[in-house]
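Chain by chain, the residues:
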Amino acid sequence: MSLKFLVVDDSVTMRRIVVNSLRNIGYDSFVEAGDGKEAIEKLTSDSGINFVITDWNMPGVSGLDLVKSLRSNTKYTALPILMVTTRGIKEDIIEALQAKVSNYIVKPFTPSILKEKINQILATV
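Residue indices begin from 1 for each chain and proceed along its sequence in written order. Residue-level local features of this predicted model are given only where pLDDT is at least 70; pairs of side-chain atoms are given and counted only at 80 or more, and the full residue set underlies all totals for whole chains, interfaces and linings. Side-chain numbers come from the whole structure's heavy atoms, not from hydrogens or water.

A.B. asks: Looking at this structure, I do not really get unusual backbone geometry. What am I missing?
C.D. replies: Excluding glycine, residues mostly have negative phi values, and the peptide bonds linking residues are mostly trans. With omega at -5°, the peptide bond leading from Lys-107 into Pro-108 counts as cis. Summarising the element assignment, Pro-108 is placed in the loop between strand E5 (103-106) and helix H5 (111-122). The helix and strand labels rest on DSSP assignments: H or I over at least four residues marks a helix, E over at least two residues marks a strand, and numbering proceeds from the N terminus.

A.B. asks: Help me understand the pattern of salt bridges, please; the structure alone is not making it clear to me.
C.D. replies: Opposite charge on two side chains allows them to pair when their charged atoms are near. Whenever a carboxyl oxygen of Asp or Glu lies within 4 Å of a side-chain nitrogen of Lys or Arg, that contact is scored as a salt bridge. Taken as a whole and judged by the stated rule, the model has eight salt bridges. Here Lys-4 ties to Asp-46 by a salt bridge, and the two come within 2.5 Å at their closest N and O atoms. Of this pair, Lys-4 sits in the segment before strand E1 (5-8) while Asp-46 sits in the loop between helix H2 (36-45) and strand E3 (51-54), placing them 42 residues apart in sequence. What makes Asp-46 buried here is its relative accessible area of 19%. Taking the shortest distance from any N to any O, the salt bridge between Lys-107 and Asp-55 comes out at 3.5 Å. Highlighted residues: Lys-107 in the loop between E5 and H5 and Asp-55 in the loop between E3 and helix H3 (63-71), separated in sequence by 52 residues. Relative accessibility decides the category of a residue: with a 1.4 Å probe and only protein chains considered, values under 20% of the type maximum give buried, values over 50% give exposed, and everything between is partly exposed. Its relative accessible area of 5% is what places Asp-55 among the buried residues. A single salt-bridge network, built from bridges that share partners, covers Asp-9, Asp-55 and Lys-107.

A.B. asks: Mind showing me how you'd approach the packing of aromatic side chains here?
C.D. replies: For any pair of aromatic rings, the description consists of the separation of the ring centres together with the inter-plane angle of the planes. For Phe, Tyr and Trp, where Trp contributes only its six-membered ring, two rings pair if their centres lie within 6.5 Å, and the inter-plane angle classes them as stacked under 30 degrees, edge-to-face over 60, or tilted in between. Throughout the structure, instances matching the rule amount to two aromatic pairs. Taken together, a centroid distance of 5.0 Å and an interplanar angle of 70° make the contact between Phe-5 and Tyr-27 edge-to-face. Here Phe-5 is found in strand E1, whereas its partner Tyr-27 is found in the loop between helix H1 (12-24) and strand E2 (30-33), with 22 residues between them in sequence. In this structure, Phe-5 and Tyr-27 share a single accessibility class: buried. With a centroid separation of 4.9 Å and 50° between ring planes, the pair formed by Phe-5 and Phe-51 is classed as tilted. Placement of the pair is Phe-5 in strand E1 and Phe-51 in strand E3, with a sequence separation of 46 residues.

The values reported here are purely geometric and, on their own, carry no functional implication.
Written out as structure tokens, the structure is:
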């Protein structure tokens, strides 16, 4: 399965880290967005995107709001969504899982952790 990632984070530096980590583990197709609103625009205009990696804390449309918005649209109910965030407390993780993220990583992370989480998600789709 060829993956095209949408990397969503308001931090350009963090987007670079995620994209470089994806490159390190063998992926080379990605689109970037600075917040949830831009992410929705990119998803609706690019039908090739089939995996979303998003931060939680962003201005405007947060990562959690993005997940809820996508999951409320039948077109995106099965879209793999990996949340990569600094929010590591149990309540936040539970809230994200209830919003139906596919998996969750707490920053900082290594490329091997990213690969493991992506593989876990892909094993279920």
